[in-house]
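Residue-level structural notes
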Amino acid sequence: MTETAPITAIGNALIVGGGIGGMAAALALAARGVSVELIDIDPDWRVYGAGITITGPTLRAYQRLGMVEDIAREGAIVAGSSMFLFNGMHMRDLDEPPIEEGLPATGGIMRPVLHRLMQQRIEAAGIPVRLGVTVDTLANRDGGVDVMVSDGTAGRYDLVIGADSVRSRVRELAFPHMGDAVRTGQACWRVSMKKPPTLERGEMFFGHRYMVGITRCGADAIYMWLLTPHAEGQDRLEGEELVAQMKANLADFGGNAGWVRDSMSAADWVNYRPLEAKIQPRPWSDGRIVLLGDAVHATTPHLASGAGMAVESALVLAEELARAASAEDALLAYEERRYERCRDVVETSVSIGAAQLAGRPGEEIGGIMGAALHRLAGPF
Ligand SMILES: Cc1cc2nc3c(=O)[nH]c(=O)nc-3n(C[C@H](O)[C@H](O)[C@H](O)COP(=O)(O)OP(=O)(O)OC[C@H]3O[C@@H](n4cnc5c(N)ncnc54)[C@H](O)[C@@H]3O)c2cc1C
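Before going into details, it helps to say that this report is about the structure given with it. (Residues numbered from 1 in each chain as written. Predicted model: local features only at pLDDT ≥ 70, side-chain atom pairs only at ≥ 80, totals over all residues. Heavy atoms only, no water.)

**Quick notes on the site of the ligand**
Close to the ligand lie 31 residues, the nearest being Gly21, Asp40, Arg111, Thr134 and Asp294. Isoleucine 20 has a polar backbone atom sitting 3.3 Å from an oxygen atom of the ligand. In the environment of the ligand, an oxygen atom lies 2.7 Å from a nitrogen or oxygen atom belonging to the side chain of aspartate 294. Of all elements in the fold, only helix H1 (20–31), strand S3 (51–54), strand S13 (182–193) and helix H9 (306–323) reach the threshold of two or more residues within the shell around the ligand. Of all the elements, H9 adds the most residues to the shell around the ligand, at four residues. Classifying every residue of the shell around the ligand gives twelve nonpolar, twelve polar and seven charged. (Near = heavy atom within 4 Å. Polar contact = N/O pair within 3.5 Å; in protein donor to acceptor, adjacent residues only side chain to side chain. Helix = DSSP H or I, 4+ residues; strand = E, 2+ residues; numbered from the N terminus. Nonpolar A, V, L, I, M, F, W, Y, C, P; charged D, E, K, R; others polar.)

**Regarding helix H7 (residues 255–263)**
When H7 is considered as a whole, its buried residues turn out to be Asn256, Ala257, Gly258, Val260 and Arg261. Each element contacted by the buried residues of H7 is listed here: S13, strand S14 (202–206), strand S15 (211–218), strand S16 (221–229) and helix H6 (239–249). (Buried < 20%, exposed > 50% of the residue type's maximum accessible area, 1.4 Å probe, protein only. Contact = heavy atoms within 4.5 Å.)

**Points about the environment of serine 82**
Topologically, serine 82 is positioned in strand S5 (residues 80–85). Assessed through its relative accessible area of 7%, serine 82 is described here as buried. As a C-alpha pair, serine 82 and methionine 204 span 122 residues in sequence and 6.4 Å in three-dimensional space. In this structure the side chain of serine 82 is engaged in a polar contact, spanning 2.7 Å, whose partner is the side chain of aspartate 93.

**Let's talk about the nonpolar core**
Within the largest apolar cluster, 98 residues are counted, with the highest numbers of intra-cluster contacts made by Leu29 and Tyr62. Ignoring sequence-local partners within four residues, the contact set of leucine 29 consists of Ile7, Ile10, Ala13, Val34, Val36, Ile161, Ala318 and Leu321. Core analysis: the second largest hydrophobic core is formed by 24 residues, Phe84, Trp189, Leu226 and Val260 among them. (Core = buried A, V, L, I, M, F, W, Y, C linked by side-chain atoms within 4.5 Å.)

**Thoughts on the side chain of glutamate 320**
Counting through the fold element by element, glutamate 320 comes out in helix H9. A polar contact is formed between the side chain of glutamate 320 and the side chain of arginine 323, at a distance of 3.0 Å. Excluding residues that lie within four positions of it along the chain, glutamate 320 makes contacts with Ala330, Ala333, Tyr334 and Arg337.

Below you can see the structure in the form of structure tokens.
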């Protein structure tokens, strides 16, 4: 961990949700001396088997957690990506210079591997974790929060952080001015499997009404994503039917996208998910309860930045808690620093999806993406 000025504005904190954002917040706060507890509703504390793209800004955020070497060792680091026409014809290579000196350019990792690496850090930091539980009630009182947990235990905390994702229970309990994420009309099909023999870096396929990308996630691991319009009623597609439908959607694709189509099977991890997003209206905190990650800035994968935003939000929250005279000031400063950047990611991601649905040309979509990634390389 870098920058570990102690936090004195609070003594203890409960983090609800042990995903990417919740674990990052737990590590960032514990490193600054806060007594942190983490709870997660999943009794097995798992994550689904997809891969994840780790962009330059996301690597920068993970560097502050001291985890870039872990990601490089157990995932994949690449110098950039290659663009292809959907039929496999090579268009050009895009080198992505590191956004900070000493940082790798970009990469990918399997989600279960990233989850394990973060869980190991939580364990090493001695952070207590309770699984299979959620919050039943939250009440701000006298500069703290009284919490009833679903296992019947009660607690009092100086701060409660809701990092419990897109269907956040904390948001539902404490933020009546917010609402559910909204479906965007697109869906993401994903497969995780062995690496095509000729793939070395990220690959993106343009010029088709469907968009495809492949992210290298390890020495012999990739995940491939395919974006299509979402047909209502298709949410429960599974097993052989799911694989057959994904292969049919990839029928026109060549190069390594074609290789993946021909090589994938129901034995691989395959998933279909309608996309949803929402930048929640301010304020993001109420008394001593605050939200971060998909609970408050849920986005689509178009800029591959949701996880990076969650880690950044965790780091900024810890930084502001260390800097401010009171927890209330820190929560306001956190929101002030995070709102515009997260709004940009969510709204630009949604607009890229809308442009794809409208059949806008690849150059136009690439231009929106490039400009957004350039903005994200700026400080957070
Ligand atoms: C199809 C798709 C592809 C994506 N690809 C990328 C990518 O390539 N790169 C990238 O940076 N981002 C990507 N994202 C976004 C990224 O996955 C999310 O932004 C990120 O996981 C958010 O982290 P989080 O901690 O807020 O939520 P999560 O990682 O979802 O974690 C939430 C945790 O809260 C727990 N929880 C849920 N409800 C409760 C409850 N009531 N009580 C207690 N615990 C609870 C869950 O069990 C889970 O452990 C993608 C998203 C989608 C939909």
